[in-house]
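Now for the letters of each chain:
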Amino acid sequence: MTEGPISVRRDALIADLSLRGREFGFAYSDLVDEWLAELIGDERDLALVAGGSYGRRELAPGSDLDLVLIHGGRKDIRAVADRIWYPIWDSKIALDHSVRTPKEAVAMAEADLKVVSSLLDGRVVAGDLALGDDALSRVREAWTRHGARRLPQMRELATARHHKDGDVAYLLEPELKLAKGGHRDLRAMAALEAATPITFRHSPDLDQAAATLFEVRVALHRVEGRAVDRLLLDRQDDVAEQLGYADADELMRAVATSGRTVARAYDDEWRRSDAWARGPARRGAGGGDRPLGDGIVLRDGELDLVSTTEPADLTLLLRAAEQAAVLGVDFRTAALERLAAEAPPALQVWPAEARDALVGLLGAGPNLVSVFETLDEYGLLTKILPEWEQVRSKPQRNAFHRFTVDRHLAETAANAAEYTRLVERPDLLLVGCWLHDLGKGWPGDHTRAGIELMRTVATRMGFADDDVEILVDLVRHHLLLPSVATSGDLSDPAVAEMVAMAVGSVEELHLLAALTQADSLATGPSAWSAWKQELMETLVRKVELVLRDEVPPAETDTLAPEDAALIARAHGDLLVERVADGIAVVGPNRPGLLCCVVGLLSVHGWAVQAAFVNSYDGVAANHFLIERSYARRDDNWEQFVDELRAALIDRRTLDERVEQRARTYPRRRNAARPAKPRVIRHEGASATATVLEVRTADRLGLLYRLTRALTEVPLDIVHAKVSTLGQEVIDTFYLHTTDGAIPDDDTIERASAMLLEAASAGPVDASSMTVPSPGE
């Protein structure tokens, strides 16, 4: 062995920058092996076992030595141990040590997950090889026999660790050892593999990812001069230079890619382990596959595709992702692999169903983040949004942000789900939040780049021209409100007037205010505070007053030509006609007409996407944009009219039919979101009626319940606008009393309470859902 103190020889290895990553780990471990062999000498009935990183020969410069002194019951063991431990302490090398008999070692491993995890990587470095190997074999055999019982505890600890330390792939300052996708997850995977009979086959990418992360840890320890595993911004340039990366951004992309690879393998192992733990007798015990529609099923608690399903466009991929997010379930690996292989890339213009599914996915709240991670791991996000490639793992070179650009965008969209009740267009809010910083993947000013990107992407998604312009404005002005709120003189009327001129409408103001809060909360703890919130609310309030300082356009009762033709054909009776993408219902205006129409549409398997309700001199002319949901036959509209007449006389049978459909309807469920339903009274929106707006989550029978509540107040709906946007609805009702007067405040307060009660009813539980038989 080379002469000189161990600390000197260790320092020489650390100074030799040609030794990187695993090569350094091997060299340092060999050096310590030789030194410890000298310390223990020719002692009998004694073995020195290395565990953890030392056992694996993965010592970083600041790693501690995890050592167990195994003995067969020697009386002088304390003195022998001191002869080994004290030189280590004197060398300033961190030490985690214990003294055990083989029986005690097994007992400790069975009692402490940290001990068993360390000893699963154990090896004998000095002393009695047979004694040490026997102890390690007994520990491993015990784990193989009984380890499966302890997997839930191991998973719980790992989940808590991930919650505390985040993800290697998405943090700007990742914890390389403890975060998800870091070294500790690699060890958890090894323990998982040893505790189950499953054969796990990993791609070569996993070994390369592990090697990259260890190489960065070694370099970081060298730069810091101590054991530090969080790669801070001010150390990234030094680490990049030491490892030969072009710059810190290239380094962090390599770290993020490696972390994502480890996290994917980690999640896949747990999915397979869960399936094994359920056992063949328990798999399918809940009655087999649970259909979710669109060729998607819930199979043994995981989302899968029906074997005959063919992804013709992005709709299936987006529907599957939406279901996974709103139900909070994992994908089956086979489903992900099929989608990766078969799902086509984005079309030049999306079908409406794909856009609707995207909005539902983005509105799923916190579950969106994990679903996005899974999609990205399998290359599916770039099929949805090819531009995603430019922001994947993209660092943000400031301490203000916590996440990489891709994760920041996902977090912002997830946060926005809480604010969907605060805006007139939740679909635009969700898409705007997801894409507001997309321009950071391109050179130059990210807002300027983002404006053109949003125009391209929103047009591709099939948004109407006016909606595209609103989305573009959200990107253009996404920094406007926080900048003015924190730097402008809010007491100066000119400030509010300037913002109002830029924003242009109350609708866009509300969208920007919600985007600002969602964006700030996703940025980091320093980006949002009670003080900033107060400033924002003050600014928004003042700007809204400026924007509303205009006379509303005059209302008109002019009869539209198409309505005039329908009324003429009705001859004073009820008429239901199929028109374009919907139906028209014309007839004498009477309380409950709208309620009964939407109830029957639900029963007949039609989902109302939009409705326009008008009344002309006692005649109702209602138009409904509808789409098929679960219905499997064409409707007989003459029979529909007969059922409508009966329901107008006695609605009780219709009530029962709607509620029965709600219990058996296999539609997508809404995620459990913190956003609560809202009922808003729009003062001054109409000179001739009181206007109430309901914002809530969509579900079967909702519009029926809302209109029934208004009928029971009783109030007459003289005009209505109904919009379904993804999984969100915004329904606006213009109301009279039944004798044509404007309702008083007490009546409107009662109506608001009844609407809120109708909107707050919980969604049908998925366990009670079945697919209707053909022809139902």
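In what follows, the structure referred to is the one given above.
As the structure is a prediction and not an experimental result, all values here were calculated from the model.

What about the packing of aromatic side chains?
- Per the stated rule, a full pass over the model turns up eight aromatic pairs.
- Considering the side-chain rings of F372 and W388, the 6.1 Å spacing of their centres and the 75° angle between planes classify their relative orientation as edge-to-face. One end of the pair, F372, is in helix α16 (residues 367–377); the other, W388, is in the loop between α17 (381–384) and α18 (405–416), and 16 residues separate them in sequence.
- With relative accessibility at 4%, the residue F372 sits in the buried group.
- Between W388 and W434, the ring centres sit 5.9 Å apart and the planes meet at 35°, which makes this aromatic pair tilted.

Some points on the sheet that holds strand β6 (residues 296–299)
- One open sheet accounts for four strands, arranged β5-β6-β7-β8; its pairing is mixed. Either end of the sheet is taken by a strand with one partner, and the two such strands are β5 (290–293) and β8 (330–331).
- With four bridges joining them, β6 and strand β7 (residues 302–305) adopt antiparallel strand pairing. Paired with R299 across the strands is E302, a residue of β7.

As for the pattern of salt bridges
- On inspection of all chains with the given rule, the structure shows 54 salt bridges.
- Across the salt bridge formed by R260 and D376, the nearest N and O atoms sit 3.6 Å from each other. One end of the pair, R260, is in helix α12 (residues 248–282); the other, D376, is in helix α16, with 116 residues separating them in the sequence. Comparing R260 with D376 shows no difference in burial state: the two are buried.
- Beyond isolated ion pairs, a larger network of salt bridges with shared partners links R260, D376, E389, R392 and D406.

Some remarks on the packing of helix α21 (residues 465–476) against helix α24 (residues 506–523)
- Orientation of α21 relative to α24, taken along the N-to-C sense of each, is 45°, at an axis distance of 10 Å. By the criterion of interaxial angle, the relationship of α21 to α24 is oblique. Read as a crossing pair, α21 and α24 show a hand that is right-handed. Packed against α21, whose contacting residues are I470, D473 and L474, the element α24 presents E507, E508, L511, L512 and L515 at the interface.

Some details on the side chain of E693
- Mapped onto the elements of the fold, E693 is located in strand β14 (residues 690–697).
- Within the local environment of E693, its side chain forms a polar contact with the side chain of R695, the two groups lying 2.4 Å apart.
- Ignoring anything within four residues of it in the chain, the contact list for E693 reads R678, V679, I680, H682, I730, D731 and T732.

Quick notes on the layout of surface pockets
- One number sums up the size of the second largest pocket: a volume of about 960 Å³.
- Residue lining of the second largest pocket: 30 residues in total, with H162, D167, K180, S370 and E373 positioned closest to the centre.
- Counting residues per element, the ones that place at least two in the lining of the second largest pocket are α8 (151–165), α12, α13 (314–327), β8, α16 and α18.
- The element that contributes the greatest number of residues to the lining of the second largest pocket is α16, accounting for seven residues.
- In the lining of the second largest pocket, the residues fall into eleven nonpolar, eight polar and eleven charged.

A look at the environment of A416
- In this fold, A416 is placed in helix α18.
- For A416, the residues in contact, after removing those within four places along its chain, are L429, L430, C433 and A518.

Topic: the nonpolar core
- Residues F331, L375 and W434 are the most contacted members of the largest nonpolar core, which totals 95 residues.
- In terms of residue count, the dominant contributor to this core is α13 (ten residues).
- Sequence-distant contacts of W434, defined by excluding residues within four places in its chain, comprise L358, L362, F372, L381, I384, L385, W388, L409, A413 and M461.
- Formed by 50 residues, the second largest nonpolar core is a distinct cluster that contains A179, A188, L213 and A254.

Comments concerning unusual backbone geometry
- Omega for the peptide link from V713 to P714 comes to 5°, which places this bond in the cis form.
- One can find P714 in the loop between α30 (702–712) and β15 (716–725).
- For D45, which is not a glycine, the phi torsion comes out positive at approximately 55°.
- Position of D45 among the secondary structure elements: in the loop between α2 (21–40) and β1 (46–51).
- Residue D45 is classed as partly exposed on the basis of its relative accessible area of 31%.

Here we look at the sheet that holds β1
- Across the sheet, which stays open at both edges, the four strands sit in the order β3-β2-β1-β4 with mixed pairing between neighbours. Strands with a single pairing partner mark the edges of an open sheet, and in this sheet they are β3 (95–100) and β4 (123–127). Here the average twist between neighbouring strands, direction ignored, is 25°.
- Across six bridges, β1 lies against strand β2 (residues 65–71) in antiparallel orientation. Following the sheet pairing, L48 is matched in β2 by L69.

Procedures and definitions
Residues numbered from 1 in each chain as written. Predicted model: local features only at pLDDT ≥ 70, side-chain atom pairs only at ≥ 80, totals over all residues. Heavy atoms only, no water. Phe/Tyr/Trp six-rings, centres within 6.5 Å; stacked < 30°, edge-to-face > 60°. Helix = DSSP H or I, 4+ residues; strand = E, 2+ residues; numbered from the N terminus. Buried < 20%, exposed > 50% of the residue type's maximum accessible area, 1.4 Å probe, protein only. Pairing = 2+ DSSP bridges. Salt bridge = Lys/Arg side-chain N within 4 Å of Asp/Glu carboxyl O. Axes fitted to C-alpha atoms, helices over the stretch in contact; angles between N-to-C directions. Parallel < 35°, antiparallel > 145°, perpendicular 65-115°, else oblique. Left-handed = near helix turned anticlockwise from the far one by under 90°. Contact = heavy atoms within 4.5 Å. Polar contact = N/O pair within 3.5 Å; in protein donor to acceptor, adjacent residues only side chain to side chain. 1 Å grid on protein atoms, 1.4 Å probe; cavity = no way out; pocket = protein on both sides within 12 Å on 5 of 7 lines; lining within 4 Å. Points joined across faces, edges and corners; volume = space filled by probe spheres on them. Nonpolar A, V, L, I, M, F, W, Y, C, P; charged D, E, K, R; others polar. Core = buried A, V, L, I, M, F, W, Y, C linked by side-chain atoms within 4.5 Å.

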